[in-house]
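The chain contents come next:
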Amino acid sequence: MPLALLKYALGLGERRRHFPAPQPLKKRYDVLVIGAGGHGLACAYHLAKDHAITKVAVLDKGYLGGGNTARNTTIVRANYLTEEGTAFYKESLKLFENLSSELDINTMYSKRGHLTLAHTDAALRTARWRAGVNKHLGVRSEVVGRAELRKLCPQLNLSCEVRFPVLGALYHAPGAIARHDAVAWGYARAAYRRGVDILQNTEVTGVVVEKGRVVGVKTSRGTIAADKVLQAVAGHSSLLANKLGFRLPIRTVPLQACVSQPYQPFLDPIVVSGSLHVYISQSARGEFVMGGATDPCELYNTRSTLEFKEQLMMHILELFPQLAGANLLRQWAGLADMTPDFSPVMGKTPIRNYYIDAGWGTWGFKATPVCGKRMAECIATDTTPALLKPFALSRFENFALVGEKGAASVGH
Amino acid sequence: MKLMPCPVHGERNIAEFVCKGPVLSMPSATHGSPQLWARYLFLAENKAGIIDEWWLHTASGMWFVARRDTTCDEILQTWSIEAYRKERRKKQKTTAQR
Amino acid sequence: MKRIDHSVDNNQRDKSKKWGLWIDRKRELSFRFQGRRYKGFEGDSLASALAASGVSVFSRSFKYRRKRGIFSLNAADTNTLVRVDAMPNLFAERVSLREGLSAQAQQLLRFNPLFVLNFLSRFLPAGFYYRSFFRPRGAWMLWERVFRRVAGIGVLSQRKVAHHALPRYDKAYGFFELVVVGGGLAGMTAATKAARLGVRTLLVEREQRLGGDGFEEEFAPSPSQNTLSQKIPAQKIPAGLPAALTVMTGAQASGLFADRFLAVVEEKKRRLHKIRAQACIVATGAFELPAVFRNNDLPGVMLASAARRLKRRYGVVVGRKPVIFTANAFGYRLALDFLALGIKPVVLDPRPVPHIPDALSIRDHHIVCANGVALIEAVGKGRIEGVKAKIAGSEHVFPCDSLCIAVGFAPAAELLVQGGCELGYDATHHCQRLQSLSEGLHAVGAVAGLFDPAKVRHHAEKTAETVARALKSRRTQKTEARNKARNKPQNKLQNKLQNTLPAAALCDDGAQNWHDPVFSHPRGKEFVDLDEDLQISDLHDSVRDGYDSMQLVKRYTTLGMGVSQGRHSNINGLRIVSRLTEEDPARLGLSTVRPPAAPESFGMLAGRSFQPLRLSPMHRRHTQAGAKTMVAGAWLRPAYYPPSQQPSAKEVRSIVEREALAVRNSVGMIDVTTLGGIDVYGEDAAEFVDRLYCWSYKKQLVGRARYLLMTDEAGVVADDGVCCRFAPDHLYLTTTTGGSDAVYRALLFWRSQWNLKVEVSNSTAAFAGVNVAGPFAREMLEGLCEGVDLSREAFPYMGVREGRVAGCRARLLRVGFVGELGYEIHVPFAEGEALWDALMQHGKRWQMIPFGVEAQRLLRLEKGHIIIGQDTDGLTLPHEAEMGWAVSRKKPFFIGKRPIEIQVERGITKRLTGFTLPARHRDDLPKECNLVMHEGAIDGRVTSIAYSPTLRKIVGLAYASRSRKTLDIQLDSGRSLQATIVPLPFYDPEGARQKI
């Protein structure tokens, strides 16, 4: 373990750059990935590793991992409502468990256990539904009552004197948190090592299409030709799609989050309340990471509001009154691409050789590994893998929405 | 707390309002194709720019239209429904005349 | 180590007593720190009182556990974070001293075993935790425990605290034309000027007193200059202030949100102020910047402004042998301050040639003053004992007990940046500067780059005048707009408030930033970020590893991610990275500034939990009858009426069954006040309802009720109820308890879309209601009704009438949710309790009992009636819920029509199915949402299930594929039960009992 540090200190470790320095623009690539977030970088990595496609470039208008990858609250879980969703995230969880070793970086993946609190009968019913589906697919999930909650999370306020007392919860033991930056950097470095180019500060201004087929992209630094292009630009997906003339089932709304000052270990599990629309976890640094529901209106702006944190704290203190004296350190927001069925959009588009990875709403970070792997497969073989088929863009035209909305609430 | 300049009640805190979404025309209920309906229901323009939206002032139960820039959240103009319809008719007239 | 002599507290105070303008030496306070008793004065902060007693170590640093003391004294570093009473993570300089206060450091101070990490820094480069600690698989889970223990600063009490016993914070609201943030020279000038010009102004000041850092003068009361005296205690508002000015001290603006909405934290009064301003003038001053050199974190090394503040406000002398490292006039003025106390400082200036005005100011005092100085390191064990510097190529050592740094400032512009203003790096003046201001925001004083008092005053007055003019004209514009016709488009008020940033050239030398206060040392420990213990080598490693944009540097090294959020580290970090990457600092940029600008406690933000409960007017009667209440949306409803407290689960089941049987066999009454009620009036009322709901209502007869099913635009079931026609132009619609608001909003929306003559009124809060159901219902009610003929012929099933019940005006609806002869009675809300009492009294003859929501759910289940939200979900189509019968096929239009058709054409695969199970399973019932399986795959789920005492078997509803004959239900335990599929309803299929 700290052997790596010893090696490093003695000058035996590697000293290469993790990512490429800015370089002149190349003329063409086999595959271009628009968006150097977790998903885009993971896909580039898998293209190189699984399919030996290395003439790949990942483009980003800013710094790598600077979009939603840098702003999410890093919860990883697989306890979804539908079979398609659960199977998808189950694979992601498996990949996450080995990710540190695979990428040779500490992703700080920590299985804390995930609790979705139920404050109403309806919420308990939904919890049971999810538990049933999860168990059927081999994902650990169970409905727990107040007595078990007392043991799983002793700090939780189970008093009946609050407005909506806790009745029980859906407990997902494999639920985890990870360090979002490390995941992005790990994929970036591993991809770079395999020959992938990462072009930061290179904004894609347009996509070149000829006879219904993509042939390249226009950037702020020039045009690049490509056989295949993937767009993975959460928060800006519709803008690109609109330019290309096809619509996405996406409404982009801000999703706010905040973090407290660092405190000694207090909370082990990740606690989510669907009824109160809040969630909280405590990071390795001791900071409480918290968030709630998305903002109500479409907005391409990551401004923070006072109402968000007032509402959030009102509910957080009902769950953990001991936190009344904790201090808020910082609040921020990301742009959530919300879809009507709370599920992503992956695979092909009406334009040949143009692929899409979008619609990640509040469920994107946890899908980083599986999305990278399977989208790479989709691009390399030009066939949508079975795991991704339910998430095809065409499902909306066919009124074949994924059933996640069956139990709508905060999905974190 | 953002301010919404309600066309009847003037500037009020945004907490008093609910947004329904962009102003859209509903396809025909008798012969609208599945594609048209899917587009109306699920496939949004999701524009980063100026859009017209339906808003409700919950305190008074009044629906109205606001023109908002979705990149900076600036509310450019608001209309009561009658005023908005007048505006649309005027616009259609001028586009037709061109 | 020298022991502090506690019998001589306050030994670091200025003996002449000329200084300490904020303290009252006649009011001594005693307090504790680390268990030892100290003394201070009224007006002290905890930090100043400790400094006065010679305490120099307040904490240990984050990574290397190095001793730390006062550095910025401005919440711009975490050295002074302490625990006070039970509250962790408080800045000692922000804590007002009071009698009996007890404070602790948050790390081990005297001896800290983790200090050994200091010697291992080679093994702990930036991002070291990313390189290791993850092999073998799962190792991080163990290491994380160690890191969590080490990383957390404050300790939160694990003691259970009752939510209702939390100390309460309040929220207060304010509306002002102008809010001025910061009560220093600039803020006070602007505020008093604006107020004198008639603008309703609020001045907000974080400290208990006005005056700010008043570097340049002792303010003397001078009406002609509109300045205020620092000597005036905060409680007294000085006389002669204009009436239009309100002053709030001890209040810090922590956030500036859209449309000039300010969050102001008044911790002492436990109040969060939410203030709307039409214009804001921000006068929050500037953060002094440190120099970076080896051991620059030793206790005793501090910023010149901290030393100055300690002396002027609190009369604390930071050292008897000070060294001042300065590249601007501030350091020289500090030198003069020391001289005034009879202390001779050493002045070291990095500028190659003496700066004339500065040099002149100290010329006659014969103190050591050198130019062209490059710092090498600070030396000392646990405290500064000397400074090593290079002057003209040779090394010198200056013994000292205090080192004060004055190398420049950065604007404290957080609020302005939150408000959309832009900051940029000015490479010519080597400082950060405001580049643009958003509408309605202004900056005066040090935050705008002005430090000279005459310039500050002039600019502040000019700004106040500009604002006053703009606000006046806006006032007239508003009145004119109000007088114009209504319904005209509301344009943005034309008069955009101009803002005036002083030109860069104006920014004077007084605050000159030294371009390179960074002195790297081969042995390191030159701290760029004290919070995160980041050395220059960490930034170097980061850039070398490829993390070379400021954002990546920040995330990789955690520069600026500590509690002080980069206030003292961002600029030097930028300068260092700029040098390493050979990139222009203006292009590199800085990380985004985010709220809050000051810590906000969770309690402060939460305030009082305002989540009102809606109660029916019969609520008292329910609680008196011992009802167990349940939450139903915003309401409380009785779930069942137990005869005793705390029945067991089995007892609850028999109570509910008993209530249900009473309804089946005699008569029962349930409070249905919570259901929504909407009155629709007008010529086109029926047409309107026809368009909104699935079935047909245009031909509905007066005096009749019809089932209402509402779907959304996508055809998904949204709500249900009944439509009652009381007149050709009057329909009364009911909704579910949770759906009334959404239904009302939808009705209002669609009404606004069509040109129909219809009015809609939400009458939910206007009516209370009961449902009296059972074979004796008619008999029971007959005696109490007036104006209504309750006979079967006159008032058939699904009829509606108006009349009086027990003297109350009532609407009577004969609807059949529970499947017995029943009357739903709606009366004015205020008469609900009287109605209930009259019915309960009268009903005694038939042994009528009240029944609750649980019994009602059982009764309706026996009839196969669905509950929206339980037997339907966010995607259910009417045909899936076996409600296709309520969907008209002939109507040309209703909301959801075409999508329903489209999806029915595609094929409905799942249907809501009735099933039964033998009674013997009643003690181990499947639960709602247990899955229905078929050949190893998920086929559907149970939505409702209960044991029916009337039918003596278990009945339930489940979603499953059409073709099934039996249902395979999987219980929680994994066991399966095979249920028999039966047609609905289970009970009284002809519906005879509800039609009698």
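Quantities reported herein were computed from a predicted structural model and do not represent experimental measurements.

A. A look at the packing of helix α16 (residues 649-665) of chain C against helix α21 (residues 853-862) of chain C. Residues and elements named next belong to chain C. It is at 8 Å that the axes of α16 and α21 come closest, and there the two elements cross at 55°. When the axis of α16 is compared with that of α21, the two are oblique. The handedness of the crossing between α16 and α21 is right-handed. On α21, the residues that touch Val656, Glu657, Glu659, Ala660, Val663 and Arg664 of α16 are Glu854, Ala855, Leu858, Leu859 and Glu862. Its residues placed into classes, the contact of α16 with α21 shows 6 nonpolar, no polar and 5 charged.

B. Geometry of the interface of chain A and chain B. Every contact between the two is made by 21 residues of chain A and, on the other side, 23 residues of chain B. Surface buried jointly by chain A and chain B totals about 2,000 Å² across both partners, of which 57% is contributed by carbon and sulfur atoms. For the pair chain A and chain B, the interface holds 10 residue pairs in polar contact (both at pLDDT 80 or more). When contributions to the side of chain A that touches chain B are tallied by element, the ones reaching two or more residues are α7 (237-244) and β13 (251-262) of chain A. No other element matches α7(A), which puts 3 residues into the side of chain A that touches chain B. Residue composition of the side of chain A that touches chain B, grouped by class: 11 nonpolar, 4 polar and 6 charged.

C. Spotlight on a negative patch on the surface. Judged by side-chain charge, C:Glu779, C:Glu782, C:Asp789 and C:Glu793 come together as a negatively charged surface patch. Look at C:Glu782 and you get partly exposed, because its relative accessible area is 43%.

D. Inspection of the sheet that holds β13(A) at higher detail. Spatial strand order, β6(A)-β7(A)-β5(A)-β14(A)-β15(A)-β16(A)-β13(A)-β17(A)-β30(C): 9 strands in an open sheet with mixed pairing. In the strand order of this sheet, the two ends are held by β6 (142-145) of chain A together with β30 (600-601) of chain C, each with one partner. Alignment of strand β14 (residues 270-273) of chain A against strand β15 (residues 278-282) of chain A, held across 3 bridges, turns out to be antiparallel. Of the residues in β15(A), the one forming a bridge with A:Ser273 is A:Val278.

E. Representation of the pattern of salt bridges. Scanning the entire structure with this criterion turns up 85 salt bridges over all chains. The partner of C:Glu532 in a salt bridge is A:Arg285, with the nearest N and O atoms 2.8 Å apart. In this pair, C:Glu532 is assigned in the loop between β28 (527-529) and β29 (534-535) and A:Arg285 in the loop between β15 and β16 (287-292), connecting two distinct chains. Residue class for C:Glu532 comes out buried when judged on its relative accessible area of 4%. With its nearest N and O atoms 2.7 Å apart, the salt bridge here joins C:Arg66 to C:Asp297. Note that C:Arg66 is positioned in the loop between β3 (59-60) and β4 (67-68) and C:Asp297 in the loop between β14 (286-288) and β15 (301-303), a separation of 231 residues in sequence. Exposure remark for C:Arg66: the relative accessible area of 9% places this residue in the buried category. Among the residues examined, C:Asp297 registers a relative accessible area of 3% and is labelled buried. A network of salt bridges, in which partner residues are shared, links C:Arg94, C:Arg206, C:Glu207, C:Asp213, C:Arg309 and C:Arg313.

F. Up close: the interface of chain C and chain A. Of the residues lining the interface, 105 residues belong to chain C; the matching set on chain A comes to 101 residues. Taken over both partners, the interface formed by chain C and chain A buries close to 9,500 Å², and the fraction arising from carbon and sulfur atoms is 57%. If you sort the residues of chain C by the area they bury against chain A, C:Arg148, C:Arg594 and C:Phe602 come out on top, with a joint share of 10%. At the surface where chain C touches chain A, the tally comes to 12 salt bridges. Residue A:Asp104 is joined to C:Arg135 by a salt bridge in which the shortest nitrogen-to-oxygen separation is 3.2 Å. Joining chain C to chain A, the criterion identifies 52 residue pairs in polar contact (both at pLDDT 80 or more). Element by element, the count of residues in the side of chain C that touches chain A is highest for helix α3 (residues 139-151) of chain C, at 9 residues. Across 2 bridges, strand β17 (residues 327-338) of chain A lies against β30(C) in antiparallel orientation. Bridge pairing in β30(C) places A:Asn327 opposite C:Ser601.

What counts as what
Residues numbered from 1 in each chain as written. Chains lettered and ligands numbered in written order. Predicted model: local features only at pLDDT ≥ 70, side-chain atom pairs only at ≥ 80, totals over all residues. Heavy atoms only, no water. Axes fitted to C-alpha atoms, helices over the stretch in contact; angles between N-to-C directions. Helix = DSSP H or I, 4+ residues; strand = E, 2+ residues; numbered from the N terminus. Parallel < 35°, antiparallel > 145°, perpendicular 65-115°, else oblique. Left-handed = near helix turned anticlockwise from the far one by under 90°. Contact = heavy atoms within 4.5 Å. Nonpolar A, V, L, I, M, F, W, Y, C, P; charged D, E, K, R; others polar. Buried area = accessible area lost by both parts, 1.4 Å probe. Polar contact = N/O pair within 3.5 Å; in protein donor to acceptor, adjacent residues only side chain to side chain. Patch = residues over 30% accessible without salt bridge, like charges linked within 9 Å, V, L, I, M, F, W, Y side chains within 5 Å. Areas by Shrake-Rupley, 256 points an atom, 1.4 Å probe, with all protein chains shown as cover. Salt bridge = Lys/Arg side-chain N within 4 Å of Asp/Glu carboxyl O. Lys, Arg positive; Asp, Glu negative; His and termini not counted. Charge placed at Lys NZ, Arg CZ, Asp CG, Glu CD. Buried < 20%, exposed > 50% of the residue type's maximum accessible area, 1.4 Å probe, protein only. Pairing = 2+ DSSP bridges.

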